[in-house]
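The chain contents come next:
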Amino acid sequence: MTEYSELEKELRKASDEGDADASYRLAVLMRDGAEGIPRRPFESSMFFRKASDMNHVNATVLLGLMYLEGLGVTADPRRAADLFFKAANLGDDFASCEMGIFYQEGLAMPVNLERAIEYIKKAASNCEPHALYEMGRAREEGRGIRKRLSHAYAWYQAAADQGLARGSAAAERVLRKIPCSLCGRVREYAESFVGRVRKRAAEVREEHLRNGIDDSLRQYLLENVPV
């Protein structure tokens, strides 16, 4: 007979009573093997699914990542796309960015650069760091939008300012492609742009706080999800 810690017993009981947040928290602890709860990726996916079925947005996003990465479940990009689509429709900006990447790369769906940019722009308008980075990449490569290196530099700098470390390296890479005579103006434009993004990000955080939206997933995504 399996012996559960008091915390796990408490969370399992709450989950059995239909508490989506308890299912989500238990899934996270099982995924990571934390707070005395052993690491059980497959069982973690089951509790994420349980919470997702009750429209828990963060659980839906993390379950999508499990299917994308094959953690605790068989990798299934189509299932991941369905979950990201659901989370995006529930208002999650990271999921919206992921849908854009799926359309860019033709992952589990046909390539559609116009649709990709729509999804990424939507997330970037709310200052989602991965989406800011992806707008930079789209501007750098001319994917679904006009190629413009000065704008790519600004988007990458904004991503870095919002906590996505790789944005800085991408910005420096783009700056090396720009004639030195223009670099001063490009930096000035980027500085102004980053300031506007920073202001908008503060507004979004306030909106989320007023509406009771849980932003706790952001740091995990910044640290663990590659672009």
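Right, let's walk through the structure included here.

## A few points about the environment of Arg218
For step 1, the next point in the chain: Position of Arg218 among the secondary structure elements: in helix α12 (residues 217-224).
For step 2, the next point in the chain: Residues Arg218 and Glu128, 90 residues apart in the sequence, show an inter-C-alpha distance of 8.7 Å.

## A closer look at the nonpolar core
For step 1, the next point in the chain: Membership of the largest hydrophobic core comes to 39 residues, with the highest contact counts inside it found for Tyr24, Phe48, Val61, Leu62, Leu65, Phe84 and Phe94.
For step 2, the next point in the chain: Residues within four places of Leu62 in sequence aside, it is in contact with Tyr24, Val28, Arg31, Phe48, Leu217 and Tyr220.
For step 3, the next point in the chain: Of all hydrophobic cores here, the second largest spans 35 residues; its members include Ile117, Ala123, Tyr153 and Trp155.

## Things to note about the packing of aromatic side chains
For step 1, the next point in the chain: The tally for this structure, following the rule as stated, stands at seven aromatic pairs.
For step 2, the next point in the chain: Between Phe84 and Phe102 the ring centres are 5.9 Å apart and the planes differ by 80°, which places this aromatic pair in the edge-to-face class. Of this pair, Phe84 sits in helix α5 (residues 77-89) while Phe102 sits in helix α6 (residues 93-105), placing them 18 residues apart in sequence. Assigned by exposure class, Phe84 and Phe102 land together as buried.
For step 3, the next point in the chain: Taking 4.8 Å as the distance between ring centres and 70° as the angle between the ring planes, the aromatic pair formed by Trp155 and Phe193 counts as edge-to-face. With Trp155 in helix α9 (residues 149-161) and Phe193 in helix α11 (residues 180-210), the pair connects residues that are 38 residues apart, well separated along the chain.
For step 4, the next point in the chain: Residue Trp155 is classed as buried on the basis of its relative accessible area, which comes to 17%.
For step 5, the next point in the chain: Grouped by ring-pair contacts, the aromatic residues Phe84, Phe94 and Phe102 constitute a single cluster.
For step 6, the next point in the chain: The aromatic ring of Tyr4 is capped on one face by Arg12, whose charged end is 4.2 Å from the ring centroid.

## Regarding a negative patch on the surface
For step 1, the next point in the chain: Where like charges cluster on the molecular surface, the negative patch consists of Asp19, Asp21, Asp214 and Asp215.
For step 2, the next point in the chain: Positionally, Asp214 belongs in the loop between α11 and α12.

## What to know about the pattern of salt bridges
For step 1, the next point in the chain: Tallying each qualifying case throughout the model produces 20 salt bridges.
For step 2, the next point in the chain: Note that Glu105 is salt-bridged to Arg137, the shortest N-O span being 3.4 Å. Taken together, the positions of Glu105 in helix α6 and Arg137 in helix α8 (residues 129-141) put the pair 32 residues apart, joining distant regions of the chain.
For step 3, the next point in the chain: In this structure Glu105 comes out as partly exposed when scored by relative accessible area, which is 42%.
For step 4, the next point in the chain: A relative accessible area of 17% means that Arg137 is categorised as buried.

## A look at unusual backbone geometry
For step 1, the next point in the chain: Its identity is not glycine, yet Glu35 carries a phi of approximately 55°, on the positive side.
For step 2, the next point in the chain: Inspection of the secondary structure assignment puts Glu35 in the loop between α2 (20-32) and α3 (41-52).
For step 3, the next point in the chain: Unlike most non-glycine residues, Cys127 shows phi in positive territory, near 65°.
For step 4, the next point in the chain: Summarising the element assignment, Cys127 is placed in the loop between α7 (113-124) and α8.

Parameters and conventions
- Every chain is numbered on its own, with residues counted from 1 as its sequence reads.
- pLDDT decides what is reported in this predicted model: residues at 70 or higher carry local features, side-chain atom pairs at 80 or more are listed and counted, and totals for whole chains, interfaces and linings draw on all residues regardless.
- Calculated side-chain values reflect all of the structure's heavy atoms, with hydrogen atoms and water omitted.
- Helix and strand definitions here come from DSSP, where helices need a minimum of 4 consecutive H or I residues and strands a minimum of 2 consecutive E residues; each element is numbered from the N-terminal end.
- Throughout, nonpolar core names a set of buried Ala, Val, Leu, Ile, Met, Phe, Trp, Tyr and Cys residues whose side chains join them through atoms within 4.5 Å.
- Buried means the residue's accessible area, taken with a 1.4 Å probe over protein chains only, is under 20% of the maximum for its type, while exposed means over 50%, and partly exposed covers the values in between.
- Note on contacts: a residue pair qualifies if any of its non-hydrogen atoms lie within 4.5 Å across the two residues.
- In summary, the pairing rule links any two rings of Phe, Tyr or Trp, Trp by its six-membered ring, whose centres are within 6.5 Å, and it sorts them by plane angle into stacked for under 30 degrees, edge-to-face for over 60 and tilted for everything else.
- A ring has a charge above it when a Lys NZ or an Arg CZ is no more than 6 Å from the ring centre and no more than 35 degrees off the ring normal.
- Like charges are joined within 9 Å and nonpolar side chains (Val, Leu, Ile, Met, Phe, Trp, Tyr) within 5 Å, but only among residues with over 30% relative accessible area and no salt bridge; these make up the patches.
- Computed with the Shrake-Rupley method and a 1.4 Å probe, the accessible areas treat only the protein chains shown as cover for residues.
- A side-chain nitrogen of Lys or Arg and a carboxyl oxygen of Asp or Glu constitute a salt bridge if their distance falls within 4 Å.
- In this tally, Asp and Glu contribute negative charge and Lys and Arg positive charge; neither His nor the terminal groups of the chain are included.
- Here the site of a charge means atom NZ of a Lys, CZ of an Arg, CG of an Asp or CD of a Glu.

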